[in-house]
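# Reading the structure
Each chain, written out:
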Amino acid sequence: MMAVTATPAAAGARLTRFNPPGGVEDLTESQKEGWSKFISDTFDVEIEGRIPEYYVYEGPRPQFFNPLKTDPAPDRDYRVISWPGFPKLVEDLPDVENRWQIADSSRDYQDEYCEWSVERVNGDPKGKITKVTFTCEGPEYWQFLGQTNPERVVQLYRQFISPQVQPEDLFLNGEYQPVNKWNQTGSGAMHLIQINNTLGAEIDIAAASTHVRRKEGRIVTEQQELIECGKYGNKGRNSDPLIGFSVNAQTRDGYRVSLADPVGLYFGDFDPKGWETPDNSDPKDYWKILRGKPDTPVRAVFEVPKEKNFTVSDITILGDNILYGAQIAKYVHIKLTAMVQQKDPKNVHIIEGCRKRVPEAAAFAAPLGAPTAAAETTPTKRDYRFSTRV
Amino acid sequence: MASITRFGGHRVGTAREHTLDEIKTLRRQQLFSRFALSETDPMGPSEIDESAPANKIYRFIVGQDRNVPVQLTDQDIQQWLQDPFSKLLQKLSEFPLTLNTVIEAFEKTKGTQNGFKKLSVFHIAEGGQIPWSAETDKVNRSFRLVFAIEMEGGVAADVLISTKTNNDSKDEFLQLMSWDRVNSAFNFYQRLDQYWIWSGNSFHALESATRAKGPFLGHVNGGVVMKELKIPWPHWHSMNATINSNIFSPTDPFVKSRFFRPESGLVQQAQDLETSFIRPLIHLWNSSRIANATKDHQLQKLDQFLRQVIETTNVNLTSSLKAFQSIQNDTVVILPFTFFINSDALAVTGIHSTVRSISVIGKIYLESLKFFNFSLETEGLSIPGDTHFAFIVPEPAAEDVDLLKKLVQKEIMSARLAACLLMIDFTRPIFSSFRSALKPYIPTEVIIGDHGKDLDNRFVANVVASNKHTTLGTPENEFMTNWNLGENQWLSEFSKRIDQYLSTVADNIKTQEGYNGIVRRAEEVRSQFKSLPLYEFPLTFATATASPSQPLLTTIIHKETMTAML
């Protein structure tokens, strides 16, 4: 994890609106307000903490703040947290080619907030790769876009996936389907669909990990122990334990923590060392950002222009031809930016013990409420079902 | 009379502070059976002339030079030292002698042609998860730093430095590797007293006179070495386990160093060291040495390459992905595959196991720790349990697998021949003297192409000419049995053997006794690793009082498997 210092101008003004992830320009001004409200409400619910009827050793998270409701402090700073897009889920497999193959075989394996789709010559599953498209855009934004601007959804699919996309391919009874024939394993990758890869998860992990926990008389600091004690995220990934640990390290220091605007997950460095192209061109030239701002890209592609007369598969990585998108994912980084301020030991809020479900609590069944454009005057207590929670 | 400073065997030319007696012991053990050496070979210069002019580059290549380092001439430098560090020194009237001044000198070249581009710093400490306290103040956590310096227009990392925390010290061990783009090899340097000494280049690691001497005791094959190369990068600061300031005493000034504070933006994590630096540099050096030995479609000095396939010249360390502290009774602990078979090398030949994982249930794993009384032991410390990541064991070195892959890709060696060799004593992926007994049959050179046919023919002919293949139970016999499976059968037959073996192991370790057998085997391998120069730090492994009185489980299964197969 490394720090990025805030610019003085940004530090001086309170944020007035959460912007769409990546700074994309799909929404009208009023729609942007709706999106901002969704994020702000989500932050507020997370600050309140999990419903006490369901959990013990839980509670409000005073060290997590909503930047729309908190003035920037003079010590505001930023921390970039970054990890490779290649999934830890497959790292236990016997050999490297196994891992690539399995990681490519299904979007279900791509659970580091980075998913990809592979295109091959003539669509031949054993053919040379012509293009690998990567996305780190969260599904919630697309659900929101689907509700507020369905035409834009179709337009974007046609632009990035296929001109043949039809509205009925994406919407069922007027409701946007994140997993659809154009956005699933074996087809394109418009945005994240793996069950763990959500913006809600990112916010929940950031908030939940602000709790400083004491277990058996000692402060918990180790990353796996933290995630198991705090019961946030998914401990089998690289990303969630790292995010939780990194945030918790700040709150142990006395900082209050939030997420930088625009809240989202973004591509970080792409550093193709050990790669060789047939014409000795720089492989970095073939990595293009397709959507999002330069500092907050949400969609990227690795593709060799046709005039080059060689394909992605003709490029080698440490002597191996690129046969799988997963080989490239190893060099793609995903990042989020945490925001810290108001460092004060008095801020440290220690919970004595690890979070536990209350056994007699009702079944945890309330689905994630999709963000709506309709304004709500007060935040609603919502139980988010963020897939496989520890 | 010139003033001579004696260095003896003290901290010279190696990554470890060996005494001469220790060196003699290591050589006598000849674990690798690689070389016969004089027992009085020093690890570095035994003397240095303190009146020798400073701010000059000297040479002392152990095994080649005797007694006192030799000042290099301009011609020597032009011929041998075309790397960024040498070029930096040549521009300076006063040589930097500390880590800090070396880094600063590089940084000052930013903006110049082929100048400084980027610095990345990595942390490793075998005791990196042991918080400091008054009780643990004296514990040696073996904290080190690795610096990777990228220069404009250079390779993945042009300069690598490994050192400890006393970055202003002129006495602290300081060793550096720098990539020479003209000679396509690393140059190894070390600072001794006020002198920078060139200790040789990567090619010296391969030649018998200089092999395994000086820096090549650690950099055995001349390339970069990162023992814990793969996820979860045990002992390293990584995205899976961070090394925090709480391992230092509150008064230790190092925590304020820019080489430690995350806010400096210099400190990176081990996953990036692996992907961005070490693996590309392994690839670079292996490619270079093959190119260097290739002439007229023939590969010369074949023994220097094939010894890395047949015997263990180097190892890495791997572990379960699970942190020991997180393991509960019902936790599934997946054990590293490469402990059981050389799955990465076999995959190069096309053999992929259908057994996806070998795991032990947490209850059995934890009980085994108690049974064998595992603990972290070093002066001032005894903590029952395992290392931070469970089940750290040696595994085949990535540089060897990478080299094998290139030999097959370039049609120097056939996949079939590689598989026939790797499948000898395959349940012992490293330290197999049975398999390495086939080294004498390696021809000195081979014609490249035709899918490695020339090497197939020559190697097989050499084995047959020995007549030992007719004796049952010899490695020659096992090799020919493998070879005689034929072109159409070997892949399926070997795959079957691997799967049968792994399935049996996987079933066996569902019991306490079965898993305890695996632990005995792991202890045997760790013990072999501990006799190598690569073993430097007592907290690398947890210490156990294993009882080897029962046969090793893997030996039993291997025998059963082979009896069924042959």
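Note that residues are indexed from 1 along each chain, following the sequence as it is written. Here chains are named by letter from A upward and ligands by number from 1 upward, in the order in which they appear as written. Note on the predicted model: pLDDT of at least 70 is required for a residue's local features to be given, and 80 or more for side-chain atom pairs to be given and counted; whole-chain, interface and lining totals, by contrast, use all residues. Just so you know, side-chain values use all the structure's heavy atoms and leave hydrogens and water out.

## Quick word on the overall build of chain B
Selection rule: Each helix is a run of H or I in the DSSP string that is no shorter than four residues. Each strand is a run of E no shorter than two, and both are numbered from the N terminus. Relative accessible area decides the class of each residue, using a 1.4 Å probe on protein chains only: under 20% of the type maximum gives buried, over 50% gives exposed, and in between gives partly exposed. Contacts are assigned to residue pairs that have any heavy atoms within 4.5 Å of one another. With residues, only the protein chains shown are counted as cover, and all accessible areas are computed by Shrake-Rupley using a 1.4 Å probe.
The secondary structure content of chain B amounts to 17 helices and 19 strands. Buried residues in chain B amount to 62% of all 566 residues. A sequence separation of at least 24 residues applies to 70% of the contacts in chain B between residues at least 6 apart. Approximately 22,000 Å² of chain B is accessible, and the part contributed by carbon and sulfur atoms is 50%.

## Re the nonpolar core
Formally: By convention a nonpolar core is built from buried Ala, Val, Leu, Ile, Met, Phe, Trp, Tyr and Cys residues, the set being connected through side-chain atoms within 4.5 Å.
With 119 residues, the main nonpolar core has Trp83(A), Phe134(A) and Ile328(A) as its most contacted residues. Residues contacting Trp83(A), with those up to four places away along its chain left out, are Glu112(A), Tyr113(A), Ser239(A), Leu242(A), Ile243(A), Leu265(A), Val332(A), His333(A), Ile334(A), Lys335(A), Leu336(A) and Met239(B). Ranked by size, the runner-up nonpolar core spans 88 residues in total, among them Phe374(B), Leu376(B), Leu381(B) and Met423(B).

## Section: the sheet that holds strand β8 (residues 212-215) of chain A
Residue and element names in this part refer to chain A. Stated formally: A pair of strands is considered paired only if DSSP assigns at least 2 bridges between the two.
Overall, mixed pairing links the three strands, which are arranged β9-β8-β18 in an open sheet. The sheet is open, and its two edges are formed by β9 (218-219) and β18 (350-352), each paired on a single side. Direction of pairing for β8 relative to β9: antiparallel, over a ladder of two bridges. Along β9, the bridge assignment pairs Arg 214 with Ile 219.

## Some remarks on helix α4 (residues 139-148) of chain A
Turn by turn, an α-helix covers 3.6 residues, leaving residues three or four places apart pointing in a common direction. Counting buried positions along α4(A) gives eight out of ten residues, so the element sits mostly inside the fold. Of all the positions in α4(A), only Pro139(A), Glu140(A), Tyr141(A), Trp142(A), Phe144(A), Leu145(A), Gly146(A) and Thr148(A) are classed as buried.

## Topic: the state of the cysteines
Here, the word disulfide means a covalent bond between the sulfur atoms of two cysteines. Residue and element names in this part refer to chain A. Keep this limit in mind: In this description, the term disulfide denotes a pair of cysteine sulfurs within 2.5 Å.
Within this structure, the stated rule accounts for one disulfide over all chains. Here Cys 229 is linked by a disulfide to Cys 354, with a sulfur-sulfur distance of 2.1 Å. Its torsion about the S-S bond being -100°, the disulfide of Cys 229 and Cys 354 is classed as left-handed. Here Cys 229 is found in helix α8 (residues 223-230), whereas its partner Cys 354 is found in the loop between β18 and β19 (356-357), with 125 residues between them in sequence. Pair check on accessibility: Cys 229 and Cys 354 agree, each one buried.

## Some points on empty space enclosed by the protein
All names here are of chain B. The line we're drawing: Here a cavity denotes a set of grid points, spaced 1 Å apart and computed over the protein atoms alone, in which a 1.4 Å probe fits but from which it cannot get out, and a pocket denotes an open set meeting protein on both sides within 12 Å along at least five of seven lines; residues with an atom within 4 Å of a point are reported as lining. Grid points are joined across faces, edges and corners, and a volume is the space filled by probe spheres set on the points. Residues are sorted three ways: Asp, Glu, Lys and Arg are charged, Ala, Val, Leu, Ile, Met, Phe, Trp, Tyr, Cys and Pro are nonpolar, and all the rest, Gly among them, are polar.
This structure, assessed with the given rule, holds nine cavities of 30 Å³ or more. Its boundaries defined by the atoms lining it, the second largest cavity holds a volume of some 140 Å³. Gln 308, Val 309, Asn 342, Pro 396 and Asp 400 are the residues nearest the centre of the second largest cavity, which is lined by 17 residues in total. The class makeup of the residues in the lining of the second largest cavity is ten nonpolar, four polar and three charged.

## Points about the interface of chain A and chain B
Counted only if it meets this: Here, a salt bridge means any Lys or Arg side-chain nitrogen found within 4 Å of an Asp or Glu carboxyl oxygen. Identification of polar contacts relies on pairs of N or O atoms within 3.5 Å, with a donor-acceptor requirement for protein atoms, meaning one able to donate a hydrogen and the other able to accept it, and with residues adjacent in sequence counted only if both atoms are side-chain atoms.
Each side of the interface is counted separately: chain A has 36 residues, and chain B has 39 residues. Counting across the chain A and chain B interface gives two salt bridges. Put simply, chain A and chain B have 13 residue pairs in polar contact (both at pLDDT 80 or more) between them. When contributions to the side of chain A that touches chain B are tallied by element, the ones reaching two or more residues are β1 (2-4), β3 (77-84), α3 (96-105), α8 and α9 (239-252) of chain A. Top element by residues in the side of chain A that touches chain B is α3(A). It accounts for five residues. Of the residues belonging to the side of chain A that touches chain B, the class tally is 13 nonpolar, nine polar and 14 charged.

## Side note on the packing of aromatic side chains
Applicable threshold: Only Phe, Tyr and Trp rings take part, Trp by its six-membered ring, and two of them pair if their centres are within 6.5 Å. Stacked means planes under 30 degrees apart, edge-to-face means over 60, and tilted covers everything else. Lysine and arginine charges are scored as sitting over a ring when NZ or CZ, respectively, is within 6 Å of the ring centre and within 35 degrees of the ring normal.
Taken as a whole and judged by the stated rule, the model has 50 aromatic pairs over all chains. With centroids separated by 6.2 Å and ring planes inclined at 40°, the aromatic side chains of Trp100(A) and Tyr324(A) adopt a geometry described as tilted. Placement of Trp100(A) in helix α3 and of Tyr324(A) in the loop between β16 (320-321) and α10 (325-329) is noted, with a sequence separation of 224 residues between them. Across this residue pair, the class does not change: Trp100(A) and Tyr324(A) are buried. Members of the aromatic cluster, joined through ring pairs, are Trp116(A), Phe134(A), Phe267(A), Phe270(A), Trp275(A), Tyr286(A), Trp287(A), Phe302(A), Phe310(A) and Tyr331(A). When the ring centre of Tyr255(A) is taken as origin, the NZ or CZ atom of Arg79(A), which lies over that ring, is 5.6 Å away. Sitting over the ring of Phe391(B), Arg526(B) keeps its end group 5.5 Å from the ring centre.

## Regarding helix α6 (residues 270-293) of chain B
Here is the rule: Multiplying 1.5 Å by the helix residue count minus one yields the expected span of that helix.
Along its 24 residues, α6(B) runs 33 Å from first to last C-alpha, staying within 8% of the 34 Å computed at 1.5 Å per residue. Burial of α6(B) is extensive: 19 of the 24 residues sit out of reach of the surface.

## Details of the sheet that holds strand β19 (residues 446-447) of chain B
All names here are of chain B. Here we have three strands laid out as an open sheet, ordered β11-β12-β19, and antiparallel in their pairing. Each having just a single partner strand, β11 (294-295) and β19 make up the two edges of the open sheet. For strand β12 (residues 298-299) and β19, the ladder comprises two bridges, and the chain directions are antiparallel. Residue Gln 298 lies in a different strand from β19, and its bridge partner there is Ile 447.

## Concerning the packing of helix α9 (residues 362-371) of chain B against helix α16 (residues 512-530) of chain B
For any two helices packed against each other, one specifies the crossing angle of their axes together with the interaxial distance. Residue and element names in this part refer to chain B. Worth spelling out the cut-off: Here, axes are lines fitted to C-alpha atoms. For helices the fit covers the stretch in contact, and angles between N-to-C directions go from 0 to 180 degrees. Comment on the angle field: the value is read as roughly parallel under 35 degrees, roughly antiparallel over 145, roughly perpendicular from 65 to 115, and oblique elsewhere. Left-handed describes a crossing in which the near helix is turned anticlockwise from the far one by less than a right angle; the clockwise case is right-handed.
Interhelical geometry of α9 versus α16 gives an angle of 60° and a closest axis separation of 10 Å. With respect to their mutual orientation, α9 and α16 come out oblique. Where α9 crosses over α16, the two elements pack in a sense that is right-handed. On α16, the residues touching Lys 363, Ile 364, Tyr 365, Glu 367, Ser 368 and Phe 371 of α9 are Gln 512, Tyr 515, Asn 516, Val 519 and Arg 520.

## Thoughts on the pairing of β8(A)
Residue and element names in this part refer to chain A. For β8 and β18, the ladder comprises three bridges, and the chain directions are parallel. Looking across to β18, one finds that Arg 213 is bridged to Ile 351. Counting the residues between successive antiparallel strands, the hairpin from β8 to β9 contains two residues, one of them, Glu 216, with a positive phi of roughly 55°.

## Topic: the pairing of strand β13 (residues 287-293) of chain A
All names here are of chain A. The sheet contact formed by β13 and strand β14 (residues 296-303) spans six bridges and is antiparallel. Paired with Lys 288 across the two strands is Val 301, which belongs to β14. With antiparallel pairing between neighbouring strands as the criterion, β13 and β14 make up a hairpin whose turn holds two residues.

## With respect to unusual backbone geometry
In the segment running from Asp261(A) into Pro262(A), the intervening peptide bond is cis, with an omega of 0°. Considering the arrangement of structural elements, one finds Pro262(A) in the loop between β10 (256-259) and β11 (266-270). Here the bond from Ile231(B) into Pro232(B) is cis, since omega is 5°, no more than 30 degrees from zero. Mapped onto the elements of the fold, Pro232(B) is located in the loop between α5 (202-206) and α6.

## Structural notes on the confidence of the model for chain A
Counted only if it meets this: Per residue, pLDDT measures the predictor's confidence, with a range of 0 to 100.
Of the residues in chain A, 89% reach a pLDDT of 70 or more, and the chain-wide mean stands at 89. Per-residue pLDDT stays below 50 along residues 362-390 of chain A; that stretch engages in 71 contacts with residues further than four places along the chain or on separate chains.

## Topic: the pattern of salt bridges
Going through the model one piece at a time under the given rule, you end up with 46 salt bridges over all chains. One salt bridge in this structure joins Glu107(B) and Arg258(B), with 2.9 Å as the shortest N-O distance. Within this pair, whereas Glu107(B) is found in helix α4 (residues 99-107), its partner Arg258(B) is found in the loop between α5 and α6, the two being separated by 151 residues in sequence. Judged by its relative accessible area of 22%, Glu107(B) is partly exposed. The exposure class of Arg258(B) is partly exposed, given its relative accessible area of 29%. Residue Lys230(B) is joined to Asp344(B) by a salt bridge in which the shortest nitrogen-to-oxygen separation is 3.2 Å. Note that Lys230(B) is positioned in the loop between α5 and α6 and Asp344(B) in helix α8 (residues 343-348), a separation of 114 residues in sequence. The network of salt bridges with shared partners includes Arg17(A), Glu25(A), Glu29(A), Lys32(A) and Glu33(A).

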